[in-house]
Amino acid sequence: LRWDTRMSYIEKEEFDRVDLEGTLLIEHVQLESNDLPVPLQISKMQMDFNPRLVELVTFDLNLGKSDLHMEGELANFIPSLFADQTLEGSLNVSSHLLDANELMPEIVAEESTESIEVDSLSQPAPVKIPENIKFAMAVQMDKVIYDEIEVEQIKGNLTVREGVAYLENLSLSVIEGEVTTSGKVDTRGEFAATDVLIDMKGIDIQEAYVNFVTVERLAPMAKYCRGTANMTVSYKSLLDASFSPIYETIDAAGKMHTNGLKIHDLSSFGRLSEMLKNDKFKEMAPDEVEASFTVKNGRVIFQPFTMDFEESTIIASGSHGIDNSLDYVLDMKIAKSDLGAGANDMINGLSLLAAGAGIRIPESDYVKVLAKIKGTFDKPKVTTDLTGNLRSAGETVTKAVEAKVMEEVEKVEEQVREEAGDQADKIISDAEAEADRLIEEARKAGEALVKEAEVQGENLIKEAGDNAFGQMAAKRAAQELRRQAEKQSENLISEAEEKADELIKQARAESEKI
């Protein structure tokens, strides 16, 4: 490198009078260190210097199984170095494989008896984008592996300026679908903030639930769904230290369209099937569903949307929270052919009661049922209202008569639900008590696992000291410890729920024999 200048040129910021020329060339270098998780190999790196810019002619390196190729240039290099002016540049990055799991440092957790609670809201990201950088990057990667997720065909542009990263049509293939994102991540505030538009096509619903914590938190019902979904979402939120969303701050709106949708073993539909005396509601296949939703103040709110299955129609609306609470209304028009024998007996009884009160119920092949779902996903509380069958065009039913009929309807419903008798109820009750015990033991064991993971994670963060990058790696490792513990906890609970379901299933089969 040849450097020809005077200090007076630098002090007076007369950078155009500074003469810089030369080449930096590195070839066939291999570096192994305890500080590197994998060996680093530089096949070739060439940088050419002149007063106007620094050109990265080529940079080819391998990190374990991963490979990277980069080329680009830096402009305004000398003024940024000596006068803190904005550094400008461009970079093209490409890769055949980037294995992030291999590149993450391996941190061995130590046991500890101390537990420190950390509120995600008190942990902003330790690294911010410098505001004196203006940079444009083009990315093209064939495959990226992160945790258990494989992302392919990543293409797009990233622009950084004034502390903000702008995504421009970043596209990728993941879990059998396609995702395109545009928007920004702003790191200038205390917490990083994101504002993006996301377009997803052909995403496998079950795989999304299994692989993405955000889907698990915002759409827990996805656990009980099969099929694919297309979705467009306008999304804003603050981000924590690991650049994960702070869920309470999410402000989003979107539309969803499903294909081949099947819903199975959803607890609220299971309760509904019991009340309507037909197992069809436990295994629904509405196929195509279109729905609009918003996310605000920790709740996901759905505008009314329609689900058709067999001869019946359900119009659903309401919301659920990140705390798993439910508040939904199902306005159902159910074909009598989709009702069980017990429910049809109930409807016939309703007709007789109404007739006795001087009210005529129009003949119809359908029954109107208004169901309200409260409680939580694990323990839903379902109530039904049949008063919609007491009204027809040109007829008005007085509140007093309607109340009397509903009182009798509730008696009939109760009679149908208790038709197995006291002995059958005891069999089911005993089975449910044993099922609750199994699930509670699994929950306690899972909570112990998560608590221990939190303790270990906090020790890692403390050991990282004040080093920003060490802190970031430690927090990532702590988050991974907690995620793995939560997954083990979920597995324990899932296994317990399966055993519990089998107990109750056997009890119901036994009660039906009485």
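All figures in this text were calculated on a predicted structure; none of them were measured in a lab. (Residues numbered from 1 in each chain as written. Predicted model: local features only at pLDDT ≥ 70, side-chain atom pairs only at ≥ 80, totals over all residues. Heavy atoms only, no water.)

Participant: So what about the overall build of the protein chain? Which residues, and what values?
Facilitator: From N to C terminus, the protein chain includes ten helices and 21 strands. Buried residues in the protein chain amount to 40% of all 514 residues. Counted over contacts in the protein chain with a minimum sequence separation of 6, partners at least 24 positions apart contribute 56%. (Helix = DSSP H or I, 4+ residues; strand = E, 2+ residues; numbered from the N terminus. Buried < 20%, exposed > 50% of the residue type's maximum accessible area, 1.4 Å probe, protein only. Contact = heavy atoms within 4.5 Å.)

Participant: Give a description of unusual backbone geometry that names residues and reports values.
Facilitator: Located in the positive-phi region is His28, a residue other than glycine, with phi close to 55 degrees. Along the chain, His28 turns up in strand S2 (residues 19-31). By relative accessible area, which is 70% here, His28 ends up exposed. Positive phi, close to 55 degrees, is recorded for Glu162, a residue that is not glycine. Relative to the assigned elements, Glu162 resides in the loop between strand S9 (149-161) and strand S10 (164-174).

Participant: Summarise the pairing of strand S17 (residues 299-309); cite the residues concerned and give the values.
Facilitator: Of the pairings in the sheet, the one linking strand S16 (residues 290-296) to S17 comprises four bridges and is antiparallel in character. Across the sheet, the residue bridging to Val295 is Val300, located in S17. Sheet topology note: the S17/strand S18 (residues 312-321) ladder contains nine bridges and is antiparallel. Within the sheet, the bridge partner assigned to Phe309 lies in S18 and is Ser312. Between S17 and the antiparallel strand that follows it, S18, lie two residues; Glu310 among them carries a positive phi value of about 50 degrees. (Pairing = 2+ DSSP bridges.)

Participant: Before we move on, could you go through the pattern of salt bridges and cite the residues and values that matter?
Facilitator: Side chains carrying opposite charge are able to pair once their charged atoms draw close together. Taken as a whole and assessed by the stated rule, the structure comprises seven salt bridges. Between Asp199 and Lys201 there is a salt bridge, with its nearest N and O atoms 2.7 Å apart. Among the residues examined, Lys201 registers a relative accessible area of 46% and is labelled partly exposed. In this structure, the salt-bridge partner of Asp327 is Lys374, at a minimum N-O distance of 2.8 Å. Of this pair, Asp327 sits in strand S19 (residues 326-335) while Lys374 sits in strand S20 (residues 366-375), placing them 47 residues apart in sequence. The class for Asp327 is partly exposed, based on a relative accessible area of 33%. Among the residues examined, Lys374 registers a relative accessible area of 39% and is labelled partly exposed. In this structure, a network of salt bridges that share partners links the residues Lys143, Glu150 and Glu152. (Salt bridge = Lys/Arg side-chain N within 4 Å of Asp/Glu carboxyl O.)

Participant: Provide a residue-level description of a negative patch on the surface, including the pertinent values.
Facilitator: There is a patch of like negative charges on the surface, built from Asp265, Glu283, Glu495, Glu498, Asp501 and Glu502. For the negative patch, the element with the highest residue contribution is helix H10 (residues 468-512), accounting for four residues. Turning to its location among the elements, Glu502 is positioned in helix H10. Owing to a relative accessible area of 38%, Glu502 belongs among the partly exposed residues under this scheme. (Patch = residues over 30% accessible without salt bridge, like charges linked within 9 Å, V, L, I, M, F, W, Y side chains within 5 Å. Areas by Shrake-Rupley, 256 points an atom, 1.4 Å probe, with all protein chains shown as cover. Lys, Arg positive; Asp, Glu negative; His and termini not counted. Charge placed at Lys NZ, Arg CZ, Asp CG, Glu CD.)

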